[in-house]
Structure formats: structure tokens, C-alpha cells
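Summary of the model geometry
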Amino acid sequence: MTIGTVSRGAAGGPDPFVAHRSLLFTVAYEMLGSAADAEDVVQETWLRWADVDAGLRAAVADPRAYLVRIVTRLALNRLRTVARRREEYFGSWLPEPLLTSPDVAQDVELAESVSVAMLTVLETLKPVERAVFVLREVFDTPYEEIARALGKTPVSVRQTAKRARGHVAARRPRMRVDREEQRRVVERFLAALAGGDLRALLEVLAPDVVVVADGGGVVATVRHPVVGAQDAAAYLVAAAQWAGERFSVGTVWLNGAPAARIEVDVTTALSFVVEDGLISRIYAVRNPAKLGRLGAVVDLAR
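To start, this report covers the structure provided alongside it.

Definitions and limits used
- Residues numbered from 1 in each chain as written.
- Predicted model: local features only at pLDDT ≥ 70, side-chain atom pairs only at ≥ 80, totals over all residues.
- Heavy atoms only, no water.
- Pairing = 2+ DSSP bridges.
- Helix = DSSP H or I, 4+ residues; strand = E, 2+ residues; numbered from the N terminus.
- Contact = heavy atoms within 4.5 Å.
- Axes fitted to C-alpha atoms, helices over the stretch in contact; angles between N-to-C directions.
- Phe/Tyr/Trp six-rings, centres within 6.5 Å; stacked < 30°, edge-to-face > 60°.
- Lys NZ or Arg CZ within 6 Å of the ring centre and 35° of its normal.
- Core = buried A, V, L, I, M, F, W, Y, C linked by side-chain atoms within 4.5 Å.
- Buried < 20%, exposed > 50% of the residue type's maximum accessible area, 1.4 Å probe, protein only.
- Salt bridge = Lys/Arg side-chain N within 4 Å of Asp/Glu carboxyl O.

Moving on, we come to the sheet that holds strand 1 (residues 205-214). On the basis of which strands lie adjacent, the open sheet formed by 6 strands has the order 2-1-6-5-4-3 and mixed pairing. Each edge of the open sheet is held by one strand with a lone partner, namely strand 2 (226-227) and strand 3 (248-254). Inspection of the sheet shows strand 1 paired to strand 6 (residues 278-285) by 6 bridges, in the parallel sense. Along strand 6, the bridge assignment pairs Leu205 with Ile279. On top of the sheet, helix 11 (residues 179-194) reaches strand 1, strand 3, strand 4 (257-263), strand 5 (267-275) and strand 6; it is set at about 20° to strand 4, its chief contact.

Here it is in C-alpha cells:
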């Protein structure tokens, strides 16, 4: 049976793996920031689950917790193996954006946890800290269950969770923004960008705005973040003017928030942080290897 094919559980219901597949992908994605890596982890989780004797599977008291434990261990192993690769990445490394439905924004905590801004912050955590933070803060997993998943003691997990929370709190965006407000701000930004209107751009950018771009060394982009409204606006207008008639832009939902998709020579996915009615962060993903999930909506769950 291939992954995703519905089989029947012991009580005649759907196989637990199928029932929880979106959850498992979300856990892996939040731990890895890469949809491709997350899919590999989910595939391996399926293989581990399918390899368990049917009788033993039927005896698992909490299949959800059991599967989350498997996906956590596999994602943690994958995170450790890709850490060095990301350290050697050309330019800024950004998470792989996902096309999501507006419904994701209804779960405010889930939308915040999968935002590009949050995933970028999580990238600064150590692998075990990231795993503990994701499981505890996003999925409200009991400390004892996290300890079993990671082979740690509950006391150690609590200490790790405290460190991770402090680290994230010092770096995460301060304001929780209404999605409708963010949509209006993003549309103002895109109208100014499409019109090459420098003054209008400055009106929607925070004075200390930061633009981070990820081309992966494959396509042209700035290697280091652009800081400050004046420099950011000049850079963005110059890029739009260079593109000329090839430039087209549209609004989309990425990672649970209003965002943008720009078509020039290659696709660019833009994600935003909006604070106090102004854009304080712009994340531009141009690396073609990271844009494969813009063709279909991805199901996320917790």
C-alpha cells in the first residue's frame, strides 16, 4: 500500500497514520522549515508504522502520540544532518513557503507558528530546543510525552522548554496582527511596488524594516539583509523597474497569512511581518528549489 492510501484500523476506522498525516507533516515542517525534508520524514514515518505488526499496532493505546513520537525522532535526526548544510548555504537561508488556505489563519496559534517569521526564529534554536518548543508550545504535548520522544527526563525537557521560550520571546515579532489588516497593508505595498512609487512604499514600510532574500546562489538577489526604509524602498523599486513589463504580482496566502507571489524571470514568494500598520519584515524566497509548494494548497493541522 502506498503512503496516503486509506486502510482500515482495528475498529474499522481509517488507519491512524492516514487520520493524522496532516498533523505529522505539520510537526515535521515546523521542526525542519522545509516541506521537502518534512515529506521525506513523513514517508519514513509511514514505513516505520507499516512495518509494525498489525496486532501490535492495534494494541497501541494512543496512536497519535506514538506517530508523533516517531516523526519527532526522525525530524530531529534530519535536522542535525542538515544543520551543517545550512551553515554553508549561500546568502540568507529562509524556510520553504507553503501555499495555505485562509482557513489556517482561523487558528491564530497555528498560523503564527508556521509563519515564515516564526520559522526563521526557530532556525536559531538548537535542534533539541526546537523540537521541545514545537511540541510543547505549538502542539501542547505533555512534558512526559516529549521526554519519551526525545529520550530525555521530564525535568530536562522542562528546562529546555524554558530556555527555548526565552530565546524565541526575545526574537519573535511583538504584535499579533489581524489578518484583514495585514491583507490591506500588503495590498498597499504591492500597489506601490507595481507602480514604482517610492513615496507610497515609504509610507507602508517601518523605518527599521528589514528585507531578507533567499536565492540560494541559484538566482540573483541580495546576499545580505537590506535594513532601513530608504534603502529597502530603493532596492525594491529598482528591482521592479529592472523587470519592466515582465513584472507581475498577485496576492496569495502563504503559511497562514496574506502574502505575495511575484513573477519576473523566476517566481518570488514574499512573506511579511506587519506591526502597527507598517511592514517591519519582508522575506523574499527566490530559490527555485524552495518554490515547489506554490501550486497546490497544503493541509496543516495540530
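The next thing to look at is the packing of aromatic side chains. Counting across every chain of the model gives 4 aromatic pairs. In this structure, Arg136 packs its charged tip against the face of Tyr143, placed 4.1 Å from the ring centre. The residue whose ring lies beneath Arg223 is Phe90, and the NZ or CZ to ring-centre distance is 4.2 Å.

Ranked by size, the top nonpolar core spans 52 residues in total, and within it Phe25 and Leu122 carry the most contacts. Elements represented by at least two residues in this core include exactly helix 2 (21-32), helix 3 (35-50), helix 5 (63-87), helix 6 (108-113), helix 7 (116-122), helix 8 (127-138), helix 9 (143-150) and helix 10 (154-169). Considering every element that reaches this core, the biggest residue donor is helix 5, with 9 residues. The residues contacting Phe25, other than those within four sequence positions of it, are Ala35, Ala38, Glu39, Val42, Leu98, Arg293, Val298, Asp299 and Leu300. Counting residues in each nonpolar core, the second largest holds 30 residues, with Val204, Val209, Ala233 and Phe272 among its members.

On to the pattern of salt bridges. One pass over the full model with this rule turns up 23 salt bridges. For the salt bridge of Asp37 with Arg78, the shortest nitrogen-to-oxygen distance reads 3.0 Å. Placement of Asp37 in helix 3 and of Arg78 in helix 5 is noted, with a sequence separation of 41 residues between them. The exposure class assigned to Asp37 is buried, which follows from its relative accessible area of 10%. A salt bridge links Glu44 to Arg48; the shortest N-O distance between them is 3.3 Å. You can see Glu44 and its partner Arg48 sitting in helix 3, 4 residues apart, about one turn around the helix. Classification of Glu44 by relative accessible area gives partly exposed; the value is 30%. Residue classification places Arg48 among the partly exposed residues on the basis of a relative accessible area of 42%. Here the salt bridges share partners, and the residues they tie into one network are Asp37, Asp40, Arg78, Arg85, Arg86, Glu123 and Arg130.

A few words now on the pairing of strand 5. Counting buried residues along strand 5, 8 of its 9 residues qualify, which places the element largely inside the surrounding structure. Pairing geometry for strand 4 and strand 5, over 4 bridges, is antiparallel. Looking at strand 5, one finds that Arg261 is bridged to Ala269. Taking the residues between adjacent antiparallel strands as the criterion, strand 4 and strand 5 are bridged by 3 residues. When strand 5 meets strand 6, the two strands line up antiparallel, connected through 7 bridges. For Glu275, the partnering residue across the bridge sits in strand 6 and is Leu278. Connecting strand 5 to the next strand, strand 6, in antiparallel fashion are 2 residues, including Asp276 with a positive phi near 55°.

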